[in-house]
Structure formats: C-alpha cells, structure tokens
Amino acid sequence: MEATGTDEVEKIKSKFMSAWHNMKYSWVLKTKTYFSRNSPVFLLGKCYHFKTEGEYRALHSFLSRRKLNTEISGNVEEFRRDFISRIWLTYREEFPQIQGSALTTDCGWGCTLRTGQMLLAQGLMLHFLGRAWVWPEALDMDDSESWTSSTVRKLTASFEASLTAEREPKILPRPRRRPPRRDRDVTDTRNEVYHRKIISWFGDCPLAAFGLHQLIEHGKKSGKAAGDWYGPAVVAHILRKAVEEARDPELQGVTVYVAQDCTVYSSDVIDRQCSVMDSGKGGTKAVIILVPVRLGGERTNTDYLEFVKGILSLEYCVGIIGGKPKQSYYFAGFQDDSLIYMDPHYCQSFVDVSIKDFPLESFHCPSPKKMSFKKMDPSCTIGFYCRTVQDFEKASEEITKMLNSSSKEKYPLFTFVKGHSRDYDFASSPLHEENDLFSEDEKKRLKRFSTEEFVLL
C-alpha cells in the first residue's frame, strides 16, 4: 500500500508539473516571431531571403563576402515548409512508466535529451531523405487553436474528471481538417515510410531505439537516472551509445563520433566509417560528428557569433544542442544576431508510434522562435553529418578554414587533426569499448562538463 501511495503522489506531481510547464511555455509558443525582410534567414544550410526580385544582388554580395556556397530559396512559405518539416520532439506525458522510477513524463528535466533527439533526427533525415525533402503536409497543419486554449482544454478535462471521480480525463478531440489528397509516386511513398520510421525510432516507449526510455537506460551506465539533469556533452555520448546499440538493420549504415577534448581525430572518424556492419556488408558508414564545446566562461563570448552563424550556414550541419541558462533549445538557424530554435518545453500527450498511421502533427513545430545570441548558454554540442569519407574530408577542410578565420584568440574553438587519438597519448577512440558507457578519461571529462553546464530547472 505504501508503494502504491508513493506512485500516486508521483503521478499527481507529474500532472502538476505538466500543467505548470504548459501554462509557462504555451504563451511563448503562440507568440508570433518576427523576421526582417532586409536580412537573409539561414536554416540548416539553406538561405531564405524574403526579398523582392530587385534585392537579389545585395544578398549574393552578402553571401560572397562570407564565402558561403549556400542554396538560396525565396518567399516565406518555402521557409515555413522547410522549418515545419524538421522533427520536433518535446516533453510528453502519460507515456509508459520509465523502468526503475514512477515517472510517466519528462517535464522539468528531459529538455536536453529532447534537443539531442532533435539533432539526431535531423541527421537521420539527411541520411534517409536528403536535405531537399519537405513534408508534403507541412502547410496543411491547422494552427487555428492556440497552444494556450489546448492547455486550458486539458486542464478543464482533468478538473471535470476529478469531480466525477474518473481516473483518467476524457478529452474530446477537436475536429481535424483532412489534408487534400495528393497523387503520390513511388518516391513520395518511400519518403513517407522513412518519415514515419524516423519518428517511430524516437517514440516514448521502451523498445524505441532512440526514445527517452532507451536514452535513460544508456545514461544509467554513467551514473545518470530518470529525473536527473543531462547536459549537452553527456547527451552527445548517450546518443553515440544509442546508435551503436541500435539493432534495426536500417541503422547499420550510420555511426556517431564524439570529439575528445574539443579535438576531432580524423583517423578515428574514418575508422568508424569503415568499420564492418553487423550484417557483414561492406561499404562505408555515414557519420554524425558531435563536438561538445564551450563558447566562453560563465557567459557566451560574442566573438564566437560569426563562427556559430558559419556553422549553421553549412549544408551538412545538423544543428546545435544548446539553449540559455536553465533551458535547453535545439538551434537550427539564424537571422542577423538572433538564433532560430525549436523549443522542447511544451508538454504534449503520449503518441503510440507503433500503430499504423499514427498522427504526425505533434512531431512538427508550426512556428519558429528567435533568441538573441547574447542569451545563449556557453555550453553546447555542435553536430555535422557526412555521408562518405570524402564528405568528411571536405567538411573538415571547410570547417577548419572557418575556425581559423573566425578565431580572434590563439586557439580555435575545436580542431581537426590527422591520425588517431592514441597517437597523441590520449585514450584511444572507443571503437571497441567495454560494457561501461564511458571510459575513465571520458568520465573525468564529462564530470568537468557537467559541473559547468545548465542549472536544473
């Protein structure tokens, strides 16, 4: 009875936290974000101008000064379609209980895990769908009901349930507009299959390869538990382990490399790309490179602004796990000195991704948000995707030039060096790790990162 009582208290606490976070963040999500027509907008390597035909020349001049070979797209609708097509992963409630705890929601503690999921999801979208892909129904999302009214509707349902002594509130679904039917070819059908499959890998159930339950299990091996704070550096290593442990044959062609002490060892990356797949097939793997860095001391150094802009202008960038103090965001673009991000703090209901044709709307964010670079927390993890060894070599050269040109100090933010980590008397790259998630050297580095990262919300 005592254990049951404790579980009930935890459930009540979880519901209160969900309601509080929705009331706290729903107005932010609904607030309109304004974009200037006088400056280009960058989103994960694509440039949108929002300008008239006569202003193209000035934009090309802007890009050439930065030596960026970036695809230029026009009009607001194209930007909205591209942004909405990115996968949005947020707090969820009423999902299957996390093993070893009474938690059925990640409200208040899981935001960095969610931003890490978004970064990995973008890497997988590049791998399976390509950067040009957009969700055909992106502009069909019905944004007529405000996030605030949705929250009030859920709270009202909970209150009515308590009056009638019902254990679970019954929320009447609002009528949903059926999107217009489109003629689909083989490619469209294939893309939609992968679109759903990628989202299902991040489902909030114990069997989902990159779902919250699996990430927490990997985190336990480093001393983390459900409800703990996870910083950007720790999440990078958890994502690496989750990809290594994934058993879906579709995922055998992808690997993750995490930089050591702000250094990317080229031979270690290539070894990962050339490692034999579990199926025994030959060929190289695509790699997602994660680089945990600090952009300053207690506050972000504004000297790094141009570098961050340059990174988000690259076509192979998969975003940044970052945020501002006490809150983690997924940074995906910028305009002028403001970063464009997706916010994981809105708590949504559990979606069973195992059912056929599960609803997709809650996995796509209807509107982008902007934040001044000055407010960014200095601790973050930068991500890149390289499909082939040649792509990695090209990316390392391009990023190195960018690092050298943007660094006003003696040392760049991070470096690419030739050879293996073991050649420099550091712990060798964990290609064949022990059962423990992190090596002893990695644990020391992560402990240092953890003490410098975000404060628990």
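Residues numbered from 1 in each chain as written. Predicted model: local features only at pLDDT ≥ 70, side-chain atom pairs only at ≥ 80, totals over all residues. Heavy atoms only, no water.

Trainee: In this structure, what is going on with the nonpolar core? I would like to understand it.
Mentor: The tendency in soluble globular proteins is for nonpolar side chains to be buried as a group. Leu-124, Ile-198, Trp-201, Phe-202 and Phe-210 are the most contacted members of the largest nonpolar core, which has 69 residues in total. When sequence neighbours within four positions are dropped, the list of residues in contact with Leu-124 reads Leu-129, Ile-198, Trp-201, Phe-202, Phe-210, Leu-251 and Val-254. Of all hydrophobic cores here, the second largest spans 42 residues; its members include Cys-47, Val-308, Phe-373 and Phe-384. (Core = buried A, V, L, I, M, F, W, Y, C linked by side-chain atoms within 4.5 Å. Buried < 20%, exposed > 50% of the residue type's maximum accessible area, 1.4 Å probe, protein only. Contact = heavy atoms within 4.5 Å.)

Trainee: Please explain the environment of Val-134 as it appears in this structure.
Mentor: Here Val-134 is to be found in the loop between helix H4 (111-128) and helix H5 (147-163). Sequence separation of Val-134 and His-195 is 61 residues, and the distance between their C-alpha atoms is 9.9 Å. Val-134 has contacts with Arg-81, Asp-82 and Ser-85, leaving out every residue within four places of it along the chain. (Helix = DSSP H or I, 4+ residues; strand = E, 2+ residues; numbered from the N terminus.)

Trainee: Even after reading the chapter, I still don't get the packing of helix H7 (residues 212-220) against helix H8 (residues 232-245), so can you show me in this structure?
Mentor: In a packed pair of helices, the relevant descriptors are the angle between the two axes and the axis-to-axis distance. Closest axis-to-axis distance for the H7/H8 pair is 9 Å, and the angle between their directions is 110 degrees. On the basis of the axis angle, H7 is roughly perpendicular to H8. Crossing hand, H7 versus H8: right-handed. Side by side, H7 and H8 meet where Leu-215, His-218 and Gly-219 of the first sit next to Ile-238, Leu-239, Lys-241, Ala-242 and Glu-245 of the second. (Axes fitted to C-alpha atoms, helices over the stretch in contact; angles between N-to-C directions. Parallel < 35°, antiparallel > 145°, perpendicular 65-115°, else oblique. Left-handed = near helix turned anticlockwise from the far one by under 90°.)

Trainee: Looking at this structure, I do not really get the pairing of strand E5 (residues 254-258). What am I missing?
Mentor: Sheet faces and side chains relate simply in a regular strand, where the side chains alternate between the two faces. Within E5, five of the five residues are buried, leaving the element largely enclosed by the surrounding structure. Of the two faces of E5, the one lined by Val-254, Val-256 and Val-258 and the one lined by Thr-255 and Tyr-257 are each fully buried.

Trainee: Is there a simple way to explain the pattern of salt bridges in this structure?
Mentor: Here the structure, examined in full by the defined rule, presents 14 salt bridges. Two residues, Asp-82 and Arg-131, come together in a salt bridge whose shortest N-O distance is 2.9 Å. Of this pair, Asp-82 sits in helix H3 (residues 76-85) while Arg-131 sits in the loop between H4 and H5; the two residues are 49 residues apart in sequence, bridging distant segments of the chain. Residue Arg-272 pairs with Glu-244 through a salt bridge whose shortest N-O separation is 3.1 Å. Here the residue Arg-272 occupies a position in helix H9 (residues 266-274), and Glu-244 occupies one in helix H8, the gap between them amounting to 28 residues. Judged by its relative accessible area of 24%, Glu-244 is partly exposed. Three or more residues joined by partner-sharing salt bridges are found here, namely Arg-240, Lys-241, Glu-244, Glu-245, Arg-247 and Arg-272. (Salt bridge = Lys/Arg side-chain N within 4 Å of Asp/Glu carboxyl O.)

Trainee: When you look at helix H6 (residues 186-201) in this model, what are you seeing that I'm missing?
Mentor: Counting along an α-helix, one turn takes 3.6 residues, and residues three or four places apart therefore face a common direction. If you check H6, its first and last C-alpha atoms are 23 Å apart, about what 16 residues at 1.5 Å a residue would give, namely 22 Å. By the burial criterion, the buried members of H6 are Asn-191, Glu-192, Tyr-194, His-195, Ile-198, Ile-199 and Trp-201. (Expected span 1.5 Å × (residues − 1).)

Trainee: Is there a simple way to explain the side chain of His-420 in this structure?
Mentor: Within the secondary structure layout, His-420 lies in the loop between strand E14 (415-417) and helix H12 (440-452). A residue is classified by how much of its surface remains accessible, and His-420, at 14% relative accessible area, is buried. Beyond its immediate sequence surroundings of up to four residues, His-420 is in contact with Tyr-265, Ser-267, Asp-268 and Asp-271.

Trainee: Would you explain the environment of Lys-326 in this entry?
Mentor: Examined against the element boundaries, Lys-326 turns out to sit in the loop between strand E8 (317-324) and strand E9 (327-335). A relative accessible area of 45% places Lys-326 in the partly exposed class. Between the C-alpha atom of Lys-326 and that of Trp-109, which follows or precedes it by 217 residues, the distance is 10.0 Å.

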